[in-house]
Amino acid sequence: MQSDRIREAVALVTSQDDRFVSPIPLPDDHVIDYVEGEIGLKLTEDYRYLVKNAGNIVLTKELLYFRSDIKGRCNIVPSVAGARRAGVPIEWLPICRDNDDYYCLLPDGSVELWSHDNMFEQRWPDLAEWVVDSFINGN
């Protein structure tokens, strides 16, 4: 079950007046299960809740999209493969791309910015805090 913190963060993101909603539809459980199988990682309940309820909203950041194919530059399946080729640890889940850098959900539930050239370092204690800080505060 998802946490109260992620439900509050999603409610905050979806209530923003300046949000852009992508035409890519929100994923259902079948699409999420497909993505899990393709990337080889089990997704947390908080992350599943986020992508099912706000995965198509763009503010200062844009989540990698869930699709049942490998089309699109922000599609999570090819993005994860590209991130791994670039050096992102296999147990880290890229959830957002910023040029050649990736915001990754770690096995302990924290989020860390993986910088391709080690120029940036950022870490958030959980997904909800990253959502608010990145999408709302623009960090």
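Figured I'd write up the structure that's included with this text. It should be emphasised that the depicted structure is a prediction, and the values quoted were computed from it without experimental measurement.

The rules behind these values
- Residues numbered from 1 in each chain as written.
- Predicted model: local features only at pLDDT ≥ 70, side-chain atom pairs only at ≥ 80, totals over all residues.
- Heavy atoms only, no water.
- Buried < 20%, exposed > 50% of the residue type's maximum accessible area, 1.4 Å probe, protein only.
- Helix = DSSP H or I, 4+ residues; strand = E, 2+ residues; numbered from the N terminus.
- Polar contact = N/O pair within 3.5 Å; in protein donor to acceptor, adjacent residues only side chain to side chain.
- Axes fitted to C-alpha atoms, helices over the stretch in contact; angles between N-to-C directions.
- Parallel < 35°, antiparallel > 145°, perpendicular 65-115°, else oblique.
- Left-handed = near helix turned anticlockwise from the far one by under 90°.
- Contact = heavy atoms within 4.5 Å.
- Nonpolar A, V, L, I, M, F, W, Y, C, P; charged D, E, K, R; others polar.
- Pairing = 2+ DSSP bridges.

**Focus on helix α5 (residues 127-136)**
Among the ten residues that make up α5, seven are buried, leaving the element largely enclosed by the rest of the structure. The set of residues buried in α5 consists of L127, A128, W130, V131, D133, S134 and F135. The opening residue of α5 is D126, an N-cap whose side-chain oxygen sits 3.3 Å from the backbone nitrogen of A128.

**A look at the packing of helix α2 (residues 29-39) against helix α4 (residues 76-86)**
When two helices pack together, you describe them by how their axes are tilted relative to each other and by the distance separating the axes. It is the contact of α2 with α4, at a shortest axis distance of 10 Å, that shows an interaxial angle of 20 degrees. Comparing their axes, α4 and α2 come out roughly parallel. As for the relative orientation of α2 and α4, their crossing is right-handed in sense. Across from Y34, V35, E38 and I39 in α2, the residues of α4 making contact are I76, V77, V80 and R84. The residue makeup of the contact of α2 with α4, split by class, is six nonpolar, no polar and two charged.

**Observations concerning the sheet that holds strand β5 (residues 111-114)**
Taken together, the four strands give an open sheet; going across it, the order is β3-β4-β5-β6, and neighbouring strands pair in antiparallel fashion. On the outer flanks of this sheet lie β3 (93-98) and β6 (123-124), each paired with one strand and no other. Examined bridge by bridge, strand β4 (residues 101-105) and β5 share four bridges and lie antiparallel to one another. Residue Y103 lies in a different strand from β5, and its bridge partner there is L113. Sheet contacts for α4: β3, β4 and β5; angle to β3, the most-contacted strand, approximately 90 degrees.

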